[in-house]
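Structure at a glance
The chain contents come next:
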Amino acid sequence: MFFYIVGWMDEKSAKSLEKEINGSDDVVMFYMEDAEDVKDIQPPTKLKNCKVFRPFQFFVEIFGVPSYGELDPTAFLGLTYTLLYGIMFADLGQGLILALIGFFMYRFMHMALGKILIPCGISGAIFGTVFGSVFGYEHWLDPLYHSLGFEEKPFEVMNSATYLLAASIGIGVVLVIIAMCLNIASSIKRHDIGGTLFGANGVVGIVMYSSIILLIAQMLISYSINNTLLAVLGIALPALLIFLKEPLSDLISGKKFKPDSIGDFILVNFFELFEVVLSYMTNTLSFLRVGAFVLIHSGMMTAFMAIADLFGGGVPTAIMMVIGNVFVIALEGLL
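Describing the overall build of the protein
Along its length, the protein carries 14 helices and zero strands. Seen in sequence order, the protein has helices and strands lined up from the N terminus as α-α-α-α-α-α-α-α-α-α-α-α-α-α. Its C-alpha atoms give the protein a radius of gyration of 27 Å, clearly above 20 Å, the size a compact globule of 335 residues would have. Counting only C-alpha atoms, the protein reaches 80 × 70 × 40 Å along its principal axes. Evaluated residue by residue, the protein yields a buried proportion of 34% over its 335 residues.

Structure representation (structure tokens):
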């Protein structure tokens, strides 16, 4: 009478279990990592991150755990999420309150989201110090700036709307390119040479995306560039390579490309290429929300301050400012 259990374990746990049952006459343990019947089975994924980024696995798992052998995007997500949240909702006082709310949610309510709000609130407090905003008051930190040698606060949000929106697009371009580089690294780990070279988010994709951005930037900012050369070598040629990704990948791997129908192949790849170019633009333009939220945050607090001033000071004004801050913290926390 006997039974056996087959399963996956990480190497450290497997060695620990082996040590526990070592010398037992009733239990035998052996590894099957090289056995023929498991070679073609995809192992499950176990995310492993340092304590700082571990809370952001909550978001990664919502979108989908990466396949075994792919790069874990948790650290990249944690850094960018915290950075962008701080920029969008920059306020020293509100950021610290949000961090305290996150600590309460995590410590006493055991909510995973609380551990994410803590670094986001701290980030908001840091950028709030840079922008000079404390519970909506834009000049409470002026003595700090004067002591540091500044004549006034370094950044006035409402007077820098165009700069903010342009900087948001710039941040988006950088993050999209970094994400493409991470995708290339994952493709290399999977030994997917075709995806590495000819994928929409591979080497050719980076060249095409960068060229499109440079071409658009050249229209907005006057600088010397050969538009024809850029359009041909930077956009048209990469587009053709992305279109021919499947046959080129088969050629590199030594396989024979056999489409079911040439017409279907052309039609499907044409629309996929169109979608790729469209996604480049929409993903980049979506970062406009970063600058927009900065302006909205400042605008909402300005509106509440204007309402509070109607009460002429004292307790009614203070109550209105408390209500305004609670409303903004709750709204931005939900966002």
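Structure shown, so let's carry the discussion forward.
Remarks on the packing of aromatic side chains
This structure, assessed with the given rule, holds 13 aromatic pairs. For the ring pair Tyr-137 and Trp-140, a centre distance of 4.4 Å and an interplane angle of 5 degrees mean the geometry is stacked. Judged by relative accessible area, Tyr-137 falls into the partly exposed class, the value being 23%. Residue Trp-140 is classed as exposed on the basis of its relative accessible area, which comes to 52%. Between the aromatic rings of Phe-257 and Phe-265, the centroid separation amounts to 5.3 Å while the plane-to-plane angle is 65 degrees, which identifies the pairing as edge-to-face. Residue classification places Phe-257 among the partly exposed positions, given a relative accessible area of 25%. Residue classification places Phe-265 among the buried residues on the basis of a relative accessible area of 12%. Site record: aromatic cluster; members linked through ring pairs are Phe-56, Phe-58, Phe-59 and Tyr-81. Positioned above the aromatic ring of Phe-108 is the side chain of Arg-107, whose terminal nitrogen or guanidinium carbon lies 5.7 Å from the ring centre.

Conventions adopted
Residues numbered from 1 in each chain as written. Predicted model: local features only at pLDDT ≥ 70, side-chain atom pairs only at ≥ 80, totals over all residues. Heavy atoms only, no water. Helix = DSSP H or I, 4+ residues; strand = E, 2+ residues; numbered from the N terminus. Rg over C-alpha atoms; globule rule 2.2 N^0.38 Å. Buried < 20%, exposed > 50% of the residue type's maximum accessible area, 1.4 Å probe, protein only. Phe/Tyr/Trp six-rings, centres within 6.5 Å; stacked < 30°, edge-to-face > 60°. Lys NZ or Arg CZ within 6 Å of the ring centre and 35° of its normal.

Function cannot be read off these values alone, since they describe shape.
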